[in-house]
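Chain and residue survey
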Amino acid sequence: MGPPVPPSARALAALSLFATLGTLTEAAEQLGVTRSALSHRIAELEKQLGVALVRKAGRRIALTEDGERLLSSMGDALERLEAAVEPFRRDRGQIRLSTVATFASHWLIPRIAQFQAQHPRIEVAIFTTTRAVDLKQEEMDCAIRHGRGGWKGLSSTLLFKETLMPVAAPEVADRFLSGIKPDCRGAPLIRARSRFMDWSIWQKHDRALAKSRIKWLTVETRAQALDAAISGAGVALMDMAYITAPVAEVRLRKLAEHPLQLQTGYYFVNVPNARRLHLLNHLRDWAVEAAKPFRAA
């Protein structure tokens, strides 16, 4: 007689997730399987161990004492197992990318489905941070950075130069474009603390819009500034790359004929000899192609 077969990790994970969420339906949805498939996994585990792990409690399903004892004995074994296999999963086809939240939300994520369709075997994990991660020391494969390029020890490929364009909701835009002078009851200029100099830069380019301003609305990020502009709270300065959808949907209108192009831009960066370099090249090439319309903004 051979050694006993260890319990299925999938079945143990199913039982643990059910215990966390409290319902088979929610656990099945999170695992991406049907409720009956999840029940079958737990039933197979019960058969293998020779004990009942779940029971009916009125209209609900609950853990038995044996089920609770099993999960208690396991402790963080599943988490440690996941941590152990993660590097091998990454070696097979996962890319970990770091960027800033506004770029992720308003440019990258709305387009990432195109990349997934072209490369269904490559898994992308997107992480957002306001700092530049150290790609040589941290668990990141690549990044999309904002700056002037030329980071020491890194390969950098320009996606597009940054631009500034004043935008507002249609009702606010009508007031400004009609030549009516804003007053203290008018919509303010919206500035983000993370981009505090943008309006000063714009004023040097074109003082017409900003010279008569009465008040400011200050928010934390450009994502918040964009939301505020869409809601009609004032005029915001946005990158052309971030306003494609709201302008097309007439939620925003541009208040200048041409954007102001800056010296800074967004760059795809990676370590030249990175592991999974062939995967990174696929992502970089796709990003460069997706960015083409904005290089001529």
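Residues numbered from 1 in each chain as written. Predicted model: local features only at pLDDT ≥ 70, side-chain atom pairs only at ≥ 80, totals over all residues. Heavy atoms only, no water.

**Concerning the nonpolar core**
What counts is decided by this rule: Nonpolar cores are built from buried Ala, Val, Leu, Ile, Met, Phe, Trp, Tyr and Cys residues. Side-chain atoms within 4.5 Å join them into one set. Partly exposed describes any residue whose relative accessible area lies between the buried limit of under 20% and the exposed limit of over 50%, with all areas from a 1.4 Å probe on protein chains only and scaled to the type maximum. Helical segments are the DSSP runs of H or I of at least four residues, strand segments are the runs of E of at least two, and each set is numbered from the N terminus. Should any heavy atoms of two residues lie within 4.5 Å, those residues are considered in contact.
Grouped together as the largest cluster of nonpolar side chains are 33 residues, with contacts concentrated most on F103, W107, L135, L159, F160, L283 and W286. Elements with a minimum of two residues in this core: β3 (94-99), α6 (101-108), α7 (112-118), β5 (142-147), β6 (155-168), β11 (260-270) and α13 (277-290). The element contributing the most residues to this core is α13, with six residues. Those residues in contact with L159 that lie beyond four places of it in its chain are F103, I144, Y266, Y267, F268, A287, V288, A291 and R295. Membership of the second largest hydrophobic core comes to 29 residues, among which are M165, A187, V235 and L255.

**Thoughts on the pairing of β5**
The criterion, for reference: At least two bridges found by DSSP between two strands is the condition for calling them paired.
Most of β5 is tucked away: five of the six residues are buried. Pairing of β3 with β5, which is carried by two bridges, proceeds in the parallel orientation. Residue pairing for β5: L97 is matched across the bridge by C142. Relative to β11, β5 is paired through six bridges, and the arrangement is antiparallel. What sits directly across from C142, in β11, is N270.

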